[in-house]
Amino acid sequence: MEAHVDFFSVGRGLRQGVPLSPILFVLMEDVLSINISALMEKGEMQPMVMKNGIHPTHLFFADDVFIFCNGGKKSLKNLFKLLDEYQVVSSQIINKNKSKLFVDGNSHIRRKLISNTIHMEVAKFPGKYFGVYLAPGKVTSAMVWHIVEVLQSKLAAWKGNLLSFHDRLVLVKSVLSILSIYNMSVYRRPSSVIKVCEKIIRNFLWTGDGDTRKFKTLSWKKVCTPYEEGVLGIKRLKVVNQSLLMKLMWRILNSDEEWAMFLSAKFQDRYGQWTSNWKQSTIWKGLKWAWNALKDDIRWKIGDVSHISVWFDIWLGENPLINDIGYTDFIKNNIGLKVNSLLSEGHWNIPIELQQYISNYKLPAVHGGVDIRL
């Protein structure tokens, strides 16, 4: 026998730590995400910035929400109307005392007006989020010098001269070398800061004091050789920094998330190639560094729907064709040529003008489906 059950209300909420609590929280956040995107699609909230039609609206991380929008009166009114409705429905409250408001490209009077409208103080750069310093423009030594100060404060609390060499080695590997891992995942650290940090680490390892230098026992290059080769296996900070940025670059290349597509649109030219020009950005210098180290090792598995550049991507041979051929008149006139232009129903159909350039190469197999970056 089936009985109709009406809506029932909940008298008590879930306590923190109950396994069901994070699931319900994620479901509510998903509803908020959908509604923020809907505001933008309906034109009720204007984007903060747009590149090639891509405009990030928000990012979620745990219980933190980043919202990007134009500071116009209409946009702010509709956004906070939505947030007020969300608070009523979800019983969650926005703590404006812990929230930050960043405003750019407006006069002091306009910033004050926005602050009074939404009842939040305007924050100033540099900011900090999960150990990563946020600031516009170039990454300077002064911006990340706090890493040096943190290293020095750590060593001041340790009695390094009372520790054995093995104990100091463990501390170097597990603590000192990874203190700024979050910053190195986003920015290219200035070489001057890396040099000072490695000096402090090197002195502590050999003497137990970050400020006391010892006569060279073993070159730092050998000390940082992998453990499997019979040496200490300490990682060079520059290598760690570049590896983390290469990982970030790989995520951007292979992700279809909005943040990744926005960065691609911002730093690529109209032919889909990463620009070599200077950009006023804290992250571009590091991404360009990572791309230059990564690009020569990228290969493609060719599918039917190809967006691979004929000249700049490595799809034929071991180098981009542009490196072997140079900028001929044909290439200049067809600089945006894609590999999918050379395919017809899954088979190669090379134009006569192009055959002279690739006659010495063996054409790869076409596997169908999407292109796969290897």
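Read on for an overview of the structure. Please read all numbers here as calculations on a predicted model, not as lab measurements.

Side note on the pattern of salt bridges
Here's step 1: Across all of its chains, the model carries two salt bridges by this definition.
Here's step 2: Salt-bridge contacts for Glu198 lead to Arg236; the nearest nitrogen and oxygen are separated by 3.2 Å. Of this pair, Glu198 sits in helix H8 (residues 191-207) while Arg236 is found in the loop between helix H9 (220-223) and helix H10 (237-254), placing the two residues 38 residues apart along the sequence.
Here's step 3: When its relative accessible area of 7% is taken as the criterion, Glu198 is described as buried.
Here's step 4: Across the salt bridge formed by Arg299 and Glu318, the nearest N and O atoms sit 2.7 Å from each other. Placement of Arg299 in the loop between helix H12 (284-294) and strand S5 (300-301) and of Glu318 in the loop between S5 and helix H13 (321-325) is noted, with a sequence separation of 19 residues between them.
Here's step 5: On the accessibility criterion, Arg299 (24% relative accessible area) is partly exposed.

A short note on the packing of H10 against H12
When two helices pack together, their arrangement is given by the angle between the helix axes and the distance between those axes.
Here's step 1: Direction vectors running N to C along H10 and H12 enclose 85°, while the axes themselves pass 8 Å from each other. In terms of axis orientation, H10 runs roughly perpendicular to H12. In contact with Lys238, Asn241, Gln242, Leu245, Met246, Leu248, Met249, Trp250, Ile252 and Leu253 of H10, H12 contributes Gly286, Leu287, Trp289, Ala290, Trp291, Ala293 and Leu294.
Here's step 2: Here the contact of H10 with H12 is built from residues that sort into 13 nonpolar, three polar and one charged.

What to know about the state of the cysteines
Here's step 1: Using the criterion set out here, one finds zero disulfides in the structure.
Here's step 2: Of all cysteine sulfurs in the structure, the one in Cys197 sits closest to Cys224, which takes part in no disulfide; the separation is 13 Å.

Brief notes about the nonpolar core
Within soluble globular proteins, side chains that are nonpolar tend to cluster in buried spots.
Here's step 1: Counting residues in each nonpolar core, the largest one holds 65 residues, and the members touching the most others are Leu205, Ile234 and Trp315.
Here's step 2: If you look at the next biggest cluster of nonpolar residues, it comprises 17 residues, including Leu32, Cys69, Leu101 and Val103.

Looking at a nonpolar patch on the surface
Here's step 1: Among the surface-exposed residues, Leu20, Ile23, Leu24 and Leu27 lie close enough to one another that they form a single nonpolar patch of about 360 Å² accessible area.
Here's step 2: The residue Leu20 is located in helix H1 (residues 20-41) in this model.

Structural notes on the packing of aromatic side chains
Here's step 1: Throughout the structure, instances matching the rule amount to seven aromatic pairs.
Here's step 2: Ring geometry for Trp274 against Trp284: centres 6.1 Å apart, planes inclined by 25°, an arrangement best described as stacked. Here Trp284 lies in helix H12 and Trp274 lies in the loop between helix H11 (258-267) and H12, a separation of 10 residues in the sequence.
Here's step 3: Residue class for Trp284 comes out buried when judged on its relative accessible area of 1%.
Here's step 4: Note on Trp274 and Trp291: the rings are 6.3 Å apart at their centroids and 50° apart in plane angle, and the pair reads as tilted.

Re the pairing of strand S1 (residues 58-61)
Here's step 1: With four bridges joining them, S1 and strand S2 (residues 64-67) adopt antiparallel strand pairing. The partner of Phe61 across the bridge, within S2, is Asp64.
Here's step 2: From the end of S1 to the start of S2, which pair antiparallel, there are two residues, and Ala62 there has a positive phi angle of about 55°.

Some words on unusual backbone geometry
Here's step 1: Unlike most non-glycine residues, Asn52 shows phi in positive territory, near 50°.
Here's step 2: Checked against the element boundaries, Asn52 lands in the loop between H1 and S1.

Thoughts on the environment of Phe102
Here's step 1: The residue Phe102 is located in the loop between helix H2 (73-90) and helix H3 (108-118) in this model.
Here's step 2: We classify Phe102 as partly exposed; its relative accessible area is 34%.
Here's step 3: Sequence spacing of Phe102 and Met120 is 18 residues, and the spatial spacing of their C-alpha atoms is 10 Å.
Here's step 4: Setting aside chain neighbours within four positions, we find Phe102 in contact with Ala123, Lys124 and Phe125.

Basis of the calculations
- Residues numbered from 1 in each chain as written.
- Predicted model: local features only at pLDDT ≥ 70, side-chain atom pairs only at ≥ 80, totals over all residues.
- Heavy atoms only, no water.
- Salt bridge = Lys/Arg side-chain N within 4 Å of Asp/Glu carboxyl O.
- Helix = DSSP H or I, 4+ residues; strand = E, 2+ residues; numbered from the N terminus.
- Buried < 20%, exposed > 50% of the residue type's maximum accessible area, 1.4 Å probe, protein only.
- Axes fitted to C-alpha atoms, helices over the stretch in contact; angles between N-to-C directions.
- Parallel < 35°, antiparallel > 145°, perpendicular 65-115°, else oblique.
- Contact = heavy atoms within 4.5 Å.
- Nonpolar A, V, L, I, M, F, W, Y, C, P; charged D, E, K, R; others polar.
- Disulfide = S-S within 2.5 Å.
- Core = buried A, V, L, I, M, F, W, Y, C linked by side-chain atoms within 4.5 Å.
- Patch = residues over 30% accessible without salt bridge, like charges linked within 9 Å, V, L, I, M, F, W, Y side chains within 5 Å.
- Areas by Shrake-Rupley, 256 points an atom, 1.4 Å probe, with all protein chains shown as cover.
- Phe/Tyr/Trp six-rings, centres within 6.5 Å; stacked < 30°, edge-to-face > 60°.
- Pairing = 2+ DSSP bridges.

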